[in-house]
Amino acid sequence: MALLKDLINPIYKAFPYANREMTGFLSAVNLNGDISAASIHDEIKVPLAQAGAVQDYQTGWNIDTAAPAEGDIPYVTVKMQYRRKIDIPLDGELEAAARGKGFGMWEKIMEQRIADAFRKLTNQMEADLAAEIVKGANRAYGTVGTVPFGVAGNLDDIAQLNLILDENGCPMDDRQLVLNQVALANMRGKMSNLFKVNEAGTEAFLREGYTGNLQGMYIRSSAGLKSHVKGEGTGYLVNGAVAERDRTVNVDTGSGKVLEGDIVTFAGDANKYVVTKGVDAPGALELGKPGAMAAIADNTAMTIGASYMPSVAFQRGAVVMGCRSPYLPSVGDSARETYVAVDPFTGIPYMFAIYTGHGVAKLEISVVYGAKVINSDNVALLIQ
């Protein structure tokens, strides 16, 4: 580590001082070692924690005692789909000038450059993760054009999200609510019942702007949440009756794309469903698990909701993420030296590598990751 030894201090000093935006998702999902070990784009099967259907117990000599077939075990495939890196040029003239000024100036410069690289990589991971989770939800609550928590002292938004998760059988433990920054600002400004110490029982929200467990949800925020722009699909009707709890909905008559993450409603049903598999034309789309909350009749009109800005409620185990440093060939590559450092705030491992050329060098910081919603019934959107 002769080449990188001078950078060890700047690397670890940069972790706490990186100018990070809000990265609530990275600390709220389930990091999975098996997925992390996968090669780029390889599909890993993640078995779902589900049992079979309830049956009557019977006795007798001719009862079928065969084990379930392999196809009876449900699973979701997850991939390590992203490889990201940032280069930091190393210039001899700049280094000589900085070192000549003394006072550890070169180390301070490198600390700031590495911190900026962490910020950019972390924000990209957060944005990728947020987009994956939003399009993997099952239902939504809220009104486009109305920011959540707009009524002072009213926590109905959280109550309704909990209702969706409760109806879907979501575990009560480890529920997360990741708010976009506008929704969090509304909560901070209007929820006096949270920042009045005598009512909240803690001064955390007043002093720090965050609260811990609120109605069973741990409150976080993310700058990675972006507006979802809906597809242009219109005029679709249900083609064939849909039974309660069915996820597949055949549509016809209409035209245009229905996208993953679009929110659709059906005439006579107040639920706002999130589309997890869209269509480009009449065909079969899919709703997030558990699917339709009530039977939908043939020829029922389907309405595609407006574009929206989301916040997300989910149970930690509903989302899995793999993250690691890049795999190098067994014979190595042209890097002069490599080193892996783990961010103590997110658990994300970064690879640092020094590459040199004629009169030039660079420090490369890289990471490989992927994520997937494996239980969409445990993910709900709060829209605005």
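The structure reproduced in this document is the subject of the present report.

Reading guide: rules and limits
- Residues numbered from 1 in each chain as written.
- Predicted model: local features only at pLDDT ≥ 70, side-chain atom pairs only at ≥ 80, totals over all residues.
- Heavy atoms only, no water.
- Salt bridge = Lys/Arg side-chain N within 4 Å of Asp/Glu carboxyl O.
- Buried < 20%, exposed > 50% of the residue type's maximum accessible area, 1.4 Å probe, protein only.
- Axes fitted to C-alpha atoms, helices over the stretch in contact; angles between N-to-C directions.
- Helix = DSSP H or I, 4+ residues; strand = E, 2+ residues; numbered from the N terminus.
- Parallel < 35°, antiparallel > 145°, perpendicular 65-115°, else oblique.
- Contact = heavy atoms within 4.5 Å.
- Nonpolar A, V, L, I, M, F, W, Y, C, P; charged D, E, K, R; others polar.
- Polar contact = N/O pair within 3.5 Å; in protein donor to acceptor, adjacent residues only side chain to side chain.
- Pairing = 2+ DSSP bridges.
- Phe/Tyr/Trp six-rings, centres within 6.5 Å; stacked < 30°, edge-to-face > 60°.

### As for the pattern of salt bridges
Right, on to step 1. On inspection of all chains with the given rule, the structure shows 14 salt bridges.
Right, on to step 2. Across the pair aspartate 87 and lysine 85 runs a salt bridge, and its minimum N-O distance is 3.1 Å.
Right, on to step 3. By relative accessible area, which is 34% here, aspartate 87 ends up partly exposed.
Right, on to step 4. The structure contains a network of salt bridges with shared partners spanning Lys85, Asp87, Lys362 and Glu364.

### A few points about the packing of helix α3 (residues 92-100) against helix α4 (residues 105-134)
Right, on to step 1. In contact at an axis separation of 7 Å, α3 and α4 are set at 125° when each is read in the N-to-C sense. Classed by the angle they form, the pair α3 and α4 counts as oblique. Where α3 approaches α4, its residues Leu94, Glu95, Ala98 and Arg99 are matched on the opposing element by Met105, Trp106, Ile109 and Arg113.
Right, on to step 2. The residue inventory of the contact of α3 with α4, partitioned by class, reads five nonpolar, no polar and three charged.

### Regarding the side chain of threonine 276
Right, on to step 1. Locating threonine 276 in the fold gives a position in strand β12 (residues 269-277).
Right, on to step 2. Looking at threonine 276, the relative accessible area reads 13%, which means it is buried.
Right, on to step 3. Polar contacts involving the side chain of threonine 276 include one to the side chain of arginine 247, which spans 3.4 Å.
Right, on to step 4. The contact partners of threonine 276, leaving out residues within four places of it in the chain, are Lys135, Gly136, Ala137, Arg247, Glu260, Glu286, Leu287 and Gly288.

### Examining the environment of asparagine 375
Right, on to step 1. Tracing the backbone through its elements, the reader meets asparagine 375 in the loop between β19 (360-373) and β20 (379-383).
Right, on to step 2. Taking relative accessible area as the criterion, asparagine 375 reaches 16% and is therefore assigned buried.
Right, on to step 3. Taking C-alpha positions, asparagine 375 is 7.1 Å from valine 319, a pair spaced 56 residues apart along the chain.

### Concerning the pairing of strand β11 (residues 263-266)
Right, on to step 1. Alignment of β11 against β12, held across three bridges, turns out to be antiparallel. What sits directly across from phenylalanine 266, in β12, is aspartate 269.
Right, on to step 2. Between β11 and β12, which pair antiparallel one after the other, the connecting turn spans two residues, and glycine 268 there sits at a positive phi close to 90°.
Right, on to step 3. Bridge analysis of β11 against strand β14 (residues 302-304) gives three bridges, and the strand direction is antiparallel. Note that in β14 the partner of threonine 265 across the bridge is threonine 303.

### Considering the packing of aromatic side chains
By convention here, two paired aromatic rings are described through the distance between centres and the angle between planes.
Right, on to step 1. Evaluated as defined, the whole model comprises five aromatic pairs.
Right, on to step 2. Residues phenylalanine 25 and phenylalanine 314 carry aromatic rings whose centres are separated by 6.0 Å and whose planes lie at 15° to one another, so their mutual orientation is stacked. Of the two residues, phenylalanine 25 sits in the loop between α1 (8-17) and β1 (30-31) while phenylalanine 314 sits in strand β15 (residues 310-315), which places them 289 residues apart along the sequence. Accessibility classification places phenylalanine 25 together with phenylalanine 314 in one group, the buried group.
Right, on to step 3. Connected via pairs of aromatic rings, a cluster forms that spans Phe118, Tyr350 and Phe352.

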